[in-house]
Amino acid sequence: MTIAGLQVDTLKYAIQRWDARWWSLTLNLSNGTSLGLPTTGFWPYSGNNESGDSGTLDLSALSKAPGGNVVFFDNPSPTRNYSAPGYRLLGTSHDISTDEIPELGNLTNPHWQSAKTLDFTKLKTMGVSAVIASWVATSDEDAALQFLPNDGAPGQFNSYDVPALYVGNSTGELIRQLVGDGEVESATVTVIGHLAGKAGTQETIIVYTHSDGPSIVEENGPILLLAMAEYFANNPLDINLDFVITTGHMSGGHLNESAWMGQRPEILKNAKAAIVCEHFGALEFKDDFSTGQPVYSATGILEPMWTMANASSRSDLLHELYLDSFEGTDPSIRMALLAPESVNGARSRWYGAGGSSVLGRSSSIPTIGIIPQPDYLWAAMVDGGWSKLSVPTAVEQINTILRLISRLDAKFVEGAL
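Please read these numbers as outputs of a predicted model, since none were measured by experiment. (Residues numbered from 1 in each chain as written. Predicted model: local features only at pLDDT ≥ 70, side-chain atom pairs only at ≥ 80, totals over all residues. Heavy atoms only, no water.)

Caption draft 1: Looking closely at the overall build of the protein chain. Along the backbone of the protein chain there are 9 helices and 18 strands. Relative to its full complement of 417 residues, the protein chain shows a buried share of 47%. The contacts in the protein chain between residues at least 6 apart in sequence include a share of 81% that link residues at least 24 apart. Carbon and sulfur atoms make up 51% of the accessible area of the protein chain, which amounts to about 19200 Å² in all. (Helix = DSSP H or I, 4+ residues; strand = E, 2+ residues; numbered from the N terminus. Buried < 20%, exposed > 50% of the residue type's maximum accessible area, 1.4 Å probe, protein only. Contact = heavy atoms within 4.5 Å. Areas by Shrake-Rupley, 256 points an atom, 1.4 Å probe, with all protein chains shown as cover.)

Caption draft 2: Molecular detail of the confidence of the model for the protein chain. Averaged over all residues, the pLDDT of the protein chain equals 81, while 77% of them reach at least 70. Of all the helices and strands in the protein chain, strand 4 (residues 56-58) carries the lowest mean pLDDT, 40, while helix 9 (residues 391-414) carries the highest, 97. In this model residues 50-67 is a low-confidence stretch, pLDDT under 50, and it forms 36 contacts with partners more than four residues away in sequence or in other chains. Per-residue pLDDT stays below 50 along residues 164-176; that stretch engages in 27 contacts with residues further than four places along the chain or on separate chains. (pLDDT = per-residue confidence, 0-100.)

Caption draft 3: Just helix 9, in detail. The end-to-end C-alpha distance of helix 9, which contains 24 residues, comes to 35 Å, matching closely the 34 Å that a straight helix rising 1.5 Å per residue would cover. Within helix 9, the full set of buried residues consists of T393, A394, Q397, I398, T400, I401, L402, L404, I405, L408, D409 and F412. Remark: G415 follows helix 9 within two positions and exhibits a positive phi of approximately 80°. (Expected span 1.5 Å × (residues − 1).)

Caption draft 4: Representation of a nonpolar patch on the surface within the structure. On the surface, a nonpolar cluster with roughly 300 Å² of combined accessible area is contributed by W386, V391 and V395. The exposure class assigned to V395 is partly exposed, which follows from its relative accessible area of 43%. (Patch = residues over 30% accessible without salt bridge, like charges linked within 9 Å, V, L, I, M, F, W, Y side chains within 5 Å. Salt bridge = Lys/Arg side-chain N within 4 Å of Asp/Glu carboxyl O.)

Caption draft 5: Looking closely at the pairing of strand 18 (residues 367-370). Every second residue of strand 18 is oriented toward a common face, with T367 and G369 on one face and I368 and I370 on the other, all of them buried. Where strand 14 (residues 305-309) lies against strand 18, 3 bridges are found, and the strand directions are antiparallel. Within the sheet, the bridge partner assigned to M308 lies in strand 18 and is G369. (Pairing = 2+ DSSP bridges.)

Caption draft 6: Highlighting the packing of aromatic side chains. Scanning all chains against the criterion turns up 7 aromatic pairs. Ring plane angle 50° and centroid distance 5.8 Å describe the contact between F285 and Y296, whose orientation is recorded as tilted. Within this pair, whereas F285 is found in strand 12 (residues 283-288), its partner Y296 is found in strand 13 (residues 295-302), the two being separated by 11 residues in sequence. Across this residue pair, the class does not change: F285 and Y296 are buried. Summarising the aromatic geometry, the rings of Y322 and F326 are spaced 5.1 Å apart at their centres and angled 75° between planes, so their arrangement reads as edge-to-face. (Phe/Tyr/Trp six-rings, centres within 6.5 Å; stacked < 30°, edge-to-face > 60°.)

Caption draft 7: Local environment of the nonpolar core. Within the largest apolar cluster, 40 residues are counted, with the highest numbers of intra-cluster contacts made by M228, F243, F280 and Y322. With 8 residues, helix 9 is the single largest residue contributor to this core. Core analysis: the second largest hydrophobic core is formed by 18 residues, Y208, W260, M261 and I365 among them. (Core = buried A, V, L, I, M, F, W, Y, C linked by side-chain atoms within 4.5 Å.)

Caption draft 8: Inspection of the packing of helix 7 (residues 316-324) against helix 9 at higher detail. For the pair helix 7 and helix 9, the least separation of the axes is 9 Å and the interaxial angle reads 135°. Classified by the angle between their axes, helix 7 and helix 9 sit oblique to one another. Helix-helix and strand crossings are classified by hand; for helix 7 and helix 9 the assignment is right-handed. For the pair helix 7 and helix 9, the contacting residues are L317, L318, L321, Y322 and D324 in the first and I401, L404, R407, L408 and K411 in the second. (Axes fitted to C-alpha atoms, helices over the stretch in contact; angles between N-to-C directions. Parallel < 35°, antiparallel > 145°, perpendicular 65-115°, else oblique. Left-handed = near helix turned anticlockwise from the far one by under 90°.)

Caption draft 9: Expanded view of the environment of S46. Mapped onto the elements of the fold, S46 is located in the loop between strand 3 (34-37) and strand 4. For S46, a relative accessible area of 1% translates into the label buried. Along the chain, S46 and A130 lie 84 residues apart, while their C-alpha atoms are 9.2 Å from each other.

Caption draft 10: Looking closely at the packing of helix 4 (residues 221-234) against helix 9. Packing of helix 4 against helix 9 leaves a shortest axis separation of 10 Å and a crossing angle of 50°. Judged on the interaxial angle alone, helix 9 and helix 4 are oblique. Of the two elements, helix 4 crosses helix 9, and the hand of that crossing is right-handed. In contact with L224, A227, M228, Y231 and F232 of helix 4, helix 9 contributes I398, I401, L402, I405 and S406. Considering only residue class, the contact of helix 4 with helix 9 consists of 9 nonpolar, 1 polar and no charged. (Nonpolar A, V, L, I, M, F, W, Y, C, P; charged D, E, K, R; others polar.)

Caption draft 11: The arrangement of the pattern of salt bridges in detail. All chains considered together, the criterion is met by 6 salt bridges. A salt bridge links R88 to E341; the shortest N-O distance between them is 2.8 Å. Of this pair, R88 sits in strand 6 (residues 87-92) while E341 sits in the loop between strand 15 (335-340) and strand 16 (342-343), and the two are 253 residues apart along the sequence. Take R88: its relative accessible area is 38%, and that puts it in the partly exposed class. Close ionic contact of E103 with R334 constitutes a salt bridge, the shortest N to O distance being 2.9 Å. Here E103 is found in the loop between strand 6 and helix 1 (120-125), whereas its partner R334 is found in the loop between helix 7 and strand 15, with 231 residues between them in sequence. The network of salt bridges with shared partners includes E103, E284 and R334.

Spelled out as structure tokens, the structure:
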């Protein structure tokens, strides 16, 4: 961003990061055989010890688990219905029919929404030594290395005391040696890049994303924002732009992603609009059940650009300009603009980069949050997710946001923003 000509500010935070480097699962059979079983990943912040935990495998209900057992339970992924009460469809790209976005009523296997909340403290007092969760109705390929970071242990420097994985040998020793010698910096930063507009006023547009993630699809937000920043540095607007890349997205709640808002309140005070971008270029991969068994494969289409939006009248202009910005884009790019609503007093969830719901719900800032939601969103893939990424699509989606921001700037010049 500095090279592109932006005034860059970084906000540093301390985070106690819990990184699993080695884990394994062995089932001891009654005939004396020890069977090593493959795993798909680990439960973040579940804890660790020096020897490894073992016990009798218990398939009973958690409330009845006797002491000394390893508890096993099924962990199904939800099906999201964005056409049910709780979300109001505000528009689609190219005014396409909802029939062309069938996922509206049946977004299957959004694994990253399937995290379960367990009372690990109670399990510990019951004598449970470890927990095993099993994916169901999902192929092994789809479930491989899925990472669910949102249910970290409470407190800043804590982990649960029911471990399921362990630190590795040579890699763990190297990490400990480097940390012990003070050669590893533990700080993590939120980056704020300010691009001054030609008008010389205080008004700004927030362009927002998160940084950390397990793949090029999940964490490509900083690349998206950098491309936009470089473009507008060479094609200046009248309104200011503030590019915010927040940290702590994969911290299990141990670091508040929206902390920057309290430290830079002037940005929110002066914001005329906020645009949250992440996961651009995502190809759709789903389990195909046509043969009776799930087969994980590409569907041949792109993940929809699910877009959360606040539905206040003040946001109408942002909605209109956003929908118009899809004019001329490839019809394969499908977008649904959704306004989370309350049903029976319960608010439907605003999905997106941490803190985007604060902008969309708790502030008066017109906000849209774009969040394609692939099955593999939190999977740590062998190739880093590059096989699931369409770069040309990401570029076209970036260009769509460039048009949106330019149109917002034109309205700012007219005094209509």
